[in-house]
Number of protein chains: 2
Amino acid sequence: MSEINTIFFDLDGTLYAMHLLHKEAMQRVGVFFEETYHISRELLSDCIEEEQQAIENRIGQRAPIHNRLIRFQQVFLKFGLPVFPGAGIMYRLYWDFILDNMRPEEGIASLLQALKSDGYHLIIATNMTAEMQYKKIEKLELGCFFEDLITSEEADKEKPDSGFFEYCLKKRKIKPENAIFIGDSLKNDVIGAQNVGIKGVYYHPGQLSEEPLFPVIRSYTEHEAIAALLRED
Amino acid sequence: MSEINTIFFDLDGTLYAMHLLHKEAMQRVGVFFEETYHISRELLSDCIEEEQQAIENRIGQRAPIHNRLIRFQQVFLKFGLPVFPGAGIMYRLYWDFILDNMRPEEGIASLLQALKSDGYHLIIATNMTAEMQYKKIEKLELGCFFEDLITSEEADKEKPDSGFFEYCLKKRKIKPENAIFIGDSLKNDVIGAQNVGIKGVYYHPGQLSEEPLFPVIRSYTEHEAIAALLRED
């Protein structure tokens, strides 16, 4: 029986609830854009989506595709607006709102404390750029529990690409059977990890519409159930 | 005769004097590290260099190799120190010092103003990540003169790679003979640009030890000499 000694956590959506925050932040960005440049937020939103797709088509699934500043700059160019200072204002509007309003998921701090006391190595493993992800962990006040932050910027591969997970294993000098990977995305986290032999665990605080195919954590307060997950082979 | 309508400017070392600032900022980082962790700044400096080389060997010459946060994190791991919050503190120590103390090169604002009035398209074209470069341009208060900021993060290629310059031309929909590229690095800026047929101009405020092989700007206050450079075919 192999022993799990390392727990990888995804960040966005896994350590804090991201979805509504993102929606509200984009709403504020949209209002600013509409009021300042008199272009509808619907047009803005379409343009952002197009630009994200364009950069992804050009450079592939890698960390810069998450950089909103690059995307916002492209939007300003497309609408014939000056890139300075508008793109920077929108970028800060978005991130300041997220950082000011993010809260750690219920029970996560005491769970991490308990896992750390039990000797597990805890690592953040996340898509996106290092600086923003580091800031988020600081704001959530969870930094003290984690030994490392591995981003797709550093790995140069994005989840669910196997290269990302292989980089994590190599960096931590461990075998897949010694790790579990907890995340809120079935595709990026759970199946991605499973594809390289790491046990993938689905963090899903809501109702599931069908019987889950993977181990599920519904709440970080269920310490006993989580301990059982770590013991199971 | 082809007409120049677009002027690309490198950023670090070209719009502000970077070298001494970098040295002083690293000195402060070194003192913090030595005082906090009781490891000499010489050991720190060796380790930073090794880690920079390691990430470059792994992912190639691309924007993340410039990200000091990734490098600092690796240093903390290597010395067995907690990545949180030390790596973030050092990262901010470095960049806050640079941002607080950077000053635009003498004459650059009035030169940019004059060039813009003359109808030239002015673009920043720089290695590194978009967020930090955007911040620098804001701090220098030069944003109003520039139409675009192109980083190696966006281009996914680093100067002097021809791919970087080709991306610049494609993005601006111009031919090489319609542009000049001004920068303080002979290799990255001047020769890199020249290799794709863009006229490379060397910004070098100090003494030159030998006859220059490329057009040189010694001071941004020499508007007449710069205007002559733009007229020459």
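What counts, and where the lines are drawn
Once a new chain begins, its residue numbering starts again from 1 and follows that chain's sequence as written. The naming scheme follows written order: chains are lettered A onward, ligands numbered 1 onward. Since the coordinates come from a predicted model, pLDDT governs what is reported: local features require at least 70, and pairs of side-chain atoms require 80 or more to be given and counted, while whole-chain, interface and lining totals use all residues. Values shown for side chains rest on all heavy atoms present in the structure; no hydrogens or waters enter the calculation. Domain start and stop points were drawn from an automatic or database domain assignment. Note on contacts: a residue pair is in contact if any heavy atoms of the two residues lie within 4.5 Å. The term buried area denotes the loss of accessible surface (1.4 Å probe radius) that occurs when two parts are joined, taken as the sum for both partners. Any Lys or Arg side-chain nitrogen located within 4 Å of an Asp or Glu carboxyl oxygen qualifies as a salt bridge. Two N or O atoms count as a polar contact when they lie within 3.5 Å, although within protein this holds only if one can serve as hydrogen donor and the other as acceptor, and sequence-adjacent residues are included solely when both atoms are side-chain atoms. Numbering of helices and strands runs from the N terminus, with a helix taken as a DSSP run of H or I at least four residues long and a strand as a DSSP run of E at least two residues long. Side-chain classes follow a simple rule in which Ala, Val, Leu, Ile, Met, Phe, Trp, Tyr, Cys and Pro form the nonpolar group, Asp, Glu, Lys and Arg form the charged group, and the remainder, Gly included, forms the polar group. Relative accessibility decides the category of a residue: with a 1.4 Å probe and only protein chains considered, values under 20% of the type maximum give buried, values over 50% give exposed, and everything between is partly exposed. Lines fitted to the C-alpha atoms define the axes, with helices restricted to the stretch that makes contact. Angles between their N-to-C directions range from 0 to 180 degrees. We call two directions roughly parallel when the angle between them is under 35 degrees, roughly antiparallel when it is over 145, roughly perpendicular when it lies between 65 and 115, and oblique otherwise. Handedness of a crossing follows from how the near helix is turned relative to the far one, being left-handed for an anticlockwise turn of less than a right angle and right-handed for a clockwise one. The charged-residue count follows a simple rule in which Lys and Arg add positive charge and Asp and Glu add negative charge, with His and chain termini not counted at all.

### Overview of the domain arrangement of chain A
All names here are of chain A.
Point 1. Assigned domains within chain A: domain 1 (6-16 + 104-231) and domain 2 (19-101).
Point 2. Just the C-alpha atoms count here: the centres of domain 1 and domain 2 sit 28 Å apart.
Point 3. Between domain 1 and domain 2, the residue contacts involve 13 residues of the former and eleven residues of the latter.
Point 4. Of the roughly 1,000 Å² buried between domain 1 and domain 2, counting both surfaces, carbon and sulfur atoms make up 71%.
Point 5. Note that D156 is salt-bridged to R62, the shortest N-O span being 3.1 Å.
Point 6. Remark: the boundary between domain 1 and domain 2 carries three residue pairs in polar contact (both at pLDDT 80 or more).
Point 7. When residues of the side of domain 1 that touches domain 2 are traced back to their parent elements, those giving at least two are α6 (130-139) and α7 (152-155).
Point 8. Among the residues forming the side of domain 1 that touches domain 2, the class breakdown is three nonpolar, three polar and seven charged.

### A short note on the environment of B:E158
All names here are of chain B.
Point 1. Looking at the element boundaries, E158 is found in the loop between α7 (152-155) and α8 (162-172).
Point 2. Note on E158: relative accessible area 3%, which makes it buried.
Point 3. Once residues within four sequence positions are removed from consideration, E158 is found in contact with Q61, R62, A63, I65, H66, N127, M128, S152 and F164.

### As for the packing of helix α1 (residues 19-37) of chain A against helix α3 (residues 68-78) of chain A
Residues and elements named next belong to chain A.
Point 1. Running from amino to carboxyl end, α1 crosses α3 at an angle of 25 degrees, the nearest separation of the two axes being 14 Å. Classed by the angle they form, the pair α1 and α3 counts as roughly parallel. For the pair α1 and α3, the sense of crossing is right-handed. Of the residues in α3, those touching α1 at H22, M26, V29, F33 and Y37 are R68, F72, V75 and F76.

### Remarks on the side chain of A:E105
Residues and elements named next belong to chain A.
Point 1. Within the secondary structure, E105 is located in the loop between α4 (83-101) and α5 (108-117).
Point 2. One buried charged residue, E105, remains without a salt bridge, the closest side chain of opposite sign being R103 at 11 Å.
Point 3. When neighbours within four sequence positions are excluded, E105 is seen to be in contact with T14, L15, Y16, A17, Y203, P205 and Y220.

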